[in-house]
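# Reading the structure
Here are the chains, one letter per residue:
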Amino acid sequence: MDIVGHTVMEHNRSVYSRADSTSFDRGDVSFIIVAGAMVLLMVPGLAFLYSGLARRKSALSLIWAVAASNAVGIFQWWFWGYSLAFSSSATSGYIGNLRNFGLMKVLGDPSPGSPLIPEILYSFFQMEFACVTIGILMGGIAERGRVLPAMILTFTWLTLVYCPLACWVWGANGWAFSWGVLDFAGGGPVEIGSGVSGLALAWVIGRRQEKELLNFRPHNVSLVCLGTFLLWFGWLGFNGGSAFGANLRAIVAIWNSMLAAAFGGMVWCIMDYRYERHWSMVGFCSGTIAGLVAATPSSGFVHPWASVIIGIVSGAACNLATKLKFHFRIDDALDLFAEHAIGGIVGLFLNGFFGTNEVIRLDGVNTSVPGGFMDHNWKQLYIQFAYICATCSYSFVVTALLAKIIDMIPGLKLRSTPEDESLGMDEVEIGEFATDYIEVRRDFTDGLYMNGSDPSQHHVAAGDRHGRPDNVLHQHSLIQNGNGIAHEDLNGVKHDGNGIAMLNEKTRDSDSS
């Protein structure tokens, strides 16, 4: 009995000795595990947000697309995604190699991102970033995209767009990392990558039908609000965890995220009030997300007072950017470009002004990294600008090419048929509905013009997400179709070459009054 007890005691002492000699602080490891779990909660947050913003007949298809893309993202990251983004032996500066294929040799060594945590934990945390990013991109198929081709696009996009972008700025030998770009939690790979790619995807898929653009507004604002607050909660782990330890820099990042979100929401809401004369809940949620997006690249580099400015600028810039899709003639239904791309650009560029080593060194690791204008590092401004240009152009071009190639493969056409679009993606693609209801009418225009009244007297296409028409952008004195000839539909409504209904002079006068 004494021999057995002595053996057990010796074994326990050996285990405790090995645990005590590890180079990783258990508090840091625990913090990143919890932060990664918080980031996972952003996936249902995105799903609910997109579902609430869409029409009821396509609400569940967006939840499915986000959930399924999360599963595909987990597989891709395990298969070769982590290796292509973070393999430490790669030297190209643009994309990694397959040294860590299938997470081989990824265990207890210090991670390539920080010596504070093991590589196996780092790979998990970064996997959640990839899953959230591809979930954002799924907004580009809203109300007219087929989900199976979208899943094929998910795998290829993560491989050829996200992994290179992550390697550029976070890889040990990435060109942007070596050049000194300041991108804390993914302004380039996550925000610009998803936002600009979403614009490219919407461009390739094409605009929704004219009747689907009439009176387009969120079908469930409660879901929009729920999704936003789930995202806000997860974003604290997203940004705070990017300090890779339970340290002061993580706390500053969380504070900055809170401030940018709060001021972004208030600014957006006030700007909408000028036109609506209502305090829009959707507007507040949109502004909150815009502030969080801008905080993603900046929260670990700036003082809290700077995040107030970043939140104000991002809320205003993203609000105004929602009108760009009308100029581009691209049906970015859920405003991926305005929210994520513009917000990411704002945060990245303002890093060049407000980034400071006083905040960066709080993690106890990056003690010699210079900030931007605040640290008299003037060249940081053009470094940030060049990085923004590189990520925007690469994301748009490669995503458009990928989407076009997949769309040309038999059986993988990204766009549904006009008949399927009228029925709704829930019935055609999923076979289930987000909400059980007694259907009185499916389309907004069903049964409204039985007496021959003109629909242009009351409603126009492509209003903003509150259902109000943007007359300035959509009305012209002379309109032409693709052949240079103005045309009317059966109801006498004039259209331009893109199928946008135009208001007559009487309606314009009544709207202005």
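Below is a short write-up of the structure.

Definitions and limits used
Residues numbered from 1 in each chain as written. Predicted model: local features only at pLDDT ≥ 70, side-chain atom pairs only at ≥ 80, totals over all residues. Heavy atoms only, no water. Patch = residues over 30% accessible without salt bridge, like charges linked within 9 Å, V, L, I, M, F, W, Y side chains within 5 Å. Areas by Shrake-Rupley, 256 points an atom, 1.4 Å probe, with all protein chains shown as cover. Salt bridge = Lys/Arg side-chain N within 4 Å of Asp/Glu carboxyl O. Helix = DSSP H or I, 4+ residues; strand = E, 2+ residues; numbered from the N terminus. Buried < 20%, exposed > 50% of the residue type's maximum accessible area, 1.4 Å probe, protein only. Contact = heavy atoms within 4.5 Å. Axes fitted to C-alpha atoms, helices over the stretch in contact; angles between N-to-C directions. Parallel < 35°, antiparallel > 145°, perpendicular 65-115°, else oblique. Left-handed = near helix turned anticlockwise from the far one by under 90°. Nonpolar A, V, L, I, M, F, W, Y, C, P; charged D, E, K, R; others polar. Expected span 1.5 Å × (residues − 1). Phe/Tyr/Trp six-rings, centres within 6.5 Å; stacked < 30°, edge-to-face > 60°.

On the surface, a cluster of nonpolar side chains totalling about 420 Å² of accessible area is made up of L248, I251, W255 and M258. Within the element layout of this structure, L248 appears in helix α11 (residues 248–276).

Here we come to the pattern of salt bridges. Per the stated rule, a full pass over the model turns up seven salt bridges. Linking E143 and R55 is a salt bridge whose minimum nitrogen-to-oxygen distance equals 3.5 Å. In this pair, E143 is assigned in the loop between α5 (119–137) and α6 (147–170) and R55 in the loop between α3 (42–53) and α4 (59–86), connecting sequence segments 88 residues apart. Given a relative accessible area of 5%, E143 falls into the buried group. Here D363 and R249 are joined by a salt bridge, their closest N and O atoms 2.9 Å apart. On the criterion of sequence distance, the pair formed by D363 in the loop between α16 (357–360) and α17 (380–408) and R249 in helix α11 is long-range, its members being 114 residues apart. Taken as a pair, D363 and R249 share a single burial class, namely buried. Look at the salt bridges and you will find they share partners, linking R55, E143, R208 and D331 into a network.

By secondary structure assignment, the location of N256 is in helix α11. For N256, a relative accessible area of 0% corresponds to the buried category. The spatial distance from the C-alpha of N256 to the C-alpha of G291 is 9.7 Å, given a sequence separation of 35 residues. Each residue touching N256, except ones within four places of it in the same chain, is listed here: A295, S299, V302, H303, P304 and S307.

Another aspect to go through is the packing of helix α2 (residues 26–40) against helix α10 (residues 221–240). Two numbers describe how α2 lies on α10: the axes approach to 7 Å, and their chain directions differ by 135 degrees. Here α10 runs oblique to α2, going by the angle between their axes. Read as a crossing pair, α2 and α10 show a hand that is left-handed. In this structure, α2 contributes F31, A35, M38 and V39 to the contact, and α10 contributes F233, G234, L236, G237, F238 and G240. Classifying every residue of the contact of α2 with α10 gives seven nonpolar, three polar and no charged.

On to helix α15 (residues 336–354). With 19 residues, α15 should reach 27 Å at 1.5 Å per residue; the first-to-last C-alpha distance of 26 Å fits that figure. With 16 of its 19 residues buried, α15 lies for the most part within the structure.

Here the phi dihedral of L103 falls at roughly 60 degrees; this positive angle occurs in a residue that is not glycine. Relative to the elements of secondary structure, L103 occurs in the loop between α4 and α5. For L103, a relative accessible area of 25% translates into the label partly exposed. With phi around 60 degrees, H376 is a residue other than glycine that occupies positive phi space. Summarising the element assignment, H376 is placed in the loop between α16 and α17.

Here the focus is the packing of aromatic side chains. What the rule picks out here adds up to 35 aromatic pairs. Measuring from centroid to centroid gives 6.1 Å for W77 and F86, while their planes differ by 75 degrees, and the two rings are edge-to-face. Judged by relative accessible area, W77 falls into the buried class, the value being 2%. Look at F86 and you get buried, because its relative accessible area is 3%. Between the aromatic rings of F79 and W80, the centroid separation amounts to 5.0 Å while the plane-to-plane angle is 55 degrees, which identifies the pairing as tilted. Members of the aromatic cluster, joined through ring pairs, are W77, Y82, F86, Y122, F125, F129, W157, Y162, W170, W235, F238 and F244.

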